[in-house]
Amino acid sequence: YPIHNENTQSMRSIRSSFIASEKDARIGLWWLPQIFNWGIYKCPRTKQPYSDTRYPTEEELVPRTWQPIAAGANGLVPYAFHAMQKNLKGADYDKAMGDVKAVMASVKRREAIILSDPGPSATTDATNLLCRTWTTADGETWLLLSNANRAKVTTTVKLGASFREAAPEAGVTATLASPGR
């Protein structure tokens, strides 16, 4: 935030601020994933436009959305539709709005899981991963792992419950280390 180039793609600083806020919150925490381009605004310090920035891509919107969910967010408000509508036209607007809709649709597909009760404890040995679990009404336990950067990660996740099988999604390869673990 804002997005300038490849070096601004990491979610580490955002993840850190979210986790700190979540620890201080006594009520549910809502998160506002940035979906606009800072280039439409002027820097308060220099009064110059953030002209070297751009709108986030769908690939960049995914971690901005799922990292907070993995960290405990129970509400999302993509910000700012009005900025997109005011500053983008035609194909540019359609592309940016399409990216936002695709990512929000991925959350909607998992709505029943995300609104389920918390699942067993889960920890990972990877510093760039956040994990969260839910147990649905039918007894299924779901684990969300969300990466804070673009590099592939190999990790071990320790779960506070036994499992018969693992069924990974979204291009993740997962195996149970031993039966029930």
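K.L.:
Hey, could you run me through the overall build of the protein in this one?
P.N.:
Looking only at helices and strands, one finds five helices and seven strands in the protein. Put simply, the protein has 181 residues, and 35% of those count as buried. Considering only intrachain contacts with a sequence separation of at least 6, the fraction spanning at least 24 residues in the protein is 59%. Element-wise, carbon and sulfur atoms account for 54% of the exposed surface of the protein, whose accessible area totals about 11,500 Å².

K.L.:
Help me understand the nonpolar core, please; the structure alone is not making it clear to me.
P.N.:
Across soluble globular proteins, you tend to see nonpolar side chains buried next to one another. Core analysis: the largest hydrophobic core is formed by 12 residues, namely Ile35, Phe36, Tyr55, Leu61, Ala80, Ala83, Met84, Leu88, Ala96, Met97, Val100 and Val103. For this core, the elements supplying multiple residues, two or more each, are helix H3 (81–87) and helix H4 (90–109). For this core, the element with the most residues is H4, which contributes four residues. If sequence neighbours within four positions are ignored, Ala96 has contacts with Met84 and Leu88. Counting residues in each nonpolar core, the second largest holds 10 residues, with Val107, Ile113, Leu130 and Trp134 among its members.

K.L.:
How should the pairing of strand E5 (residues 129–135) be read in this particular structure?
P.N.:
Every other side chain in a regular strand lies on the same face of the sheet, so the side chains alternate between the two faces. Taking burial as the measure, the seven residues of E5 include six buried ones, the bulk of the element. Bridging between strand E3 (residues 117–118) and E5 involves two bridges; their strand directions are antiparallel. In the sheet register, Asp117 faces E5, and the bridge partner there is Thr135. Bridge count between E5 and strand E6 (residues 141–147): seven bridges; the pairing is antiparallel. Among the inter-strand pairings, Thr135 is bridged to a residue of E6, identified as Thr141. What sits between the antiparallel neighbours E5 and E6 is a turn of five residues, in which Gly139 has the positive phi angle 90 degrees.

K.L.:
Can you walk me through the sheet that holds E5 in this structure?
P.N.:
Across a sheet, paired strands are connected by hydrogen bonds in the backbone, their directions being either parallel or antiparallel. Strand order in the open sheet formed by three strands is E3-E5-E6, and the pairing between neighbours is antiparallel. Edge strands, defined here as strands with exactly one partner in the open sheet, are E3 and E6. This element, helix H2 (residues 58–71), spans E5 and E6 of the sheet and lies at about 130 degrees to E6.

K.L.:
It is not clear to me how the pattern of salt bridges should be interpreted in this structure. Could you clarify?
P.N.:
Two side chains carrying opposite charge are able to pair once their charged atoms lie near each other. The full count for this structure, using the stated rule, is two salt bridges. Across the pair Asp99 and Lys95 runs a salt bridge, and its minimum N-O distance is 2.7 Å. Here Asp99 pairs with Lys95, and both are found in helix H4, just four residues apart, close to one helical turn. Classification of Asp99 as buried rests on a relative accessible area of 7%. Among the ionic pairs, Glu111 bridges to Lys108, the shortest N-O distance being 2.7 Å.

K.L.:
So what exactly am I meant to see when it comes to the side chain of Thr65 here?
P.N.:
Mapped onto the fold, Thr65 is located in helix H2. Aside from chain neighbours lying at most four places away, what touches Thr65 is Pro33, Leu76, Val103, Met104 and Val107.

K.L.:
In this structure, what is going on with a nonpolar patch on the surface? I would like to understand it.
P.N.:
A cluster of nonpolar residues, Trp30, Leu32, Val77 and Tyr79, forms a patch on the protein surface that exposes about 410 Å² of accessible area. Summarising the element assignment, Trp30 is placed in strand E1 (residues 30–31). On the accessibility criterion, Trp30 (53% relative accessible area) is exposed.

K.L.:
Looking at this model, I keep getting lost on the environment of Leu143. Mind explaining?
P.N.:
Locating Leu143 in the fold gives a position in strand E6. Owing to a relative accessible area of 36%, Leu143 belongs among the partly exposed residues under this scheme. A sequence separation of 12 residues divides Leu143 from Cys131, and the C-alpha atoms of the two residues are 6.8 Å apart.

Criteria and cut-off values
- Residues numbered from 1 in each chain as written.
- Predicted model: local features only at pLDDT ≥ 70, side-chain atom pairs only at ≥ 80, totals over all residues.
- Heavy atoms only, no water.
- Helix = DSSP H or I, 4+ residues; strand = E, 2+ residues; numbered from the N terminus.
- Buried < 20%, exposed > 50% of the residue type's maximum accessible area, 1.4 Å probe, protein only.
- Contact = heavy atoms within 4.5 Å.
- Areas by Shrake-Rupley, 256 points an atom, 1.4 Å probe, with all protein chains shown as cover.
- Core = buried A, V, L, I, M, F, W, Y, C linked by side-chain atoms within 4.5 Å.
- Pairing = 2+ DSSP bridges.
- Axes fitted to C-alpha atoms, helices over the stretch in contact; angles between N-to-C directions.
- Salt bridge = Lys/Arg side-chain N within 4 Å of Asp/Glu carboxyl O.
- Patch = residues over 30% accessible without salt bridge, like charges linked within 9 Å, V, L, I, M, F, W, Y side chains within 5 Å.

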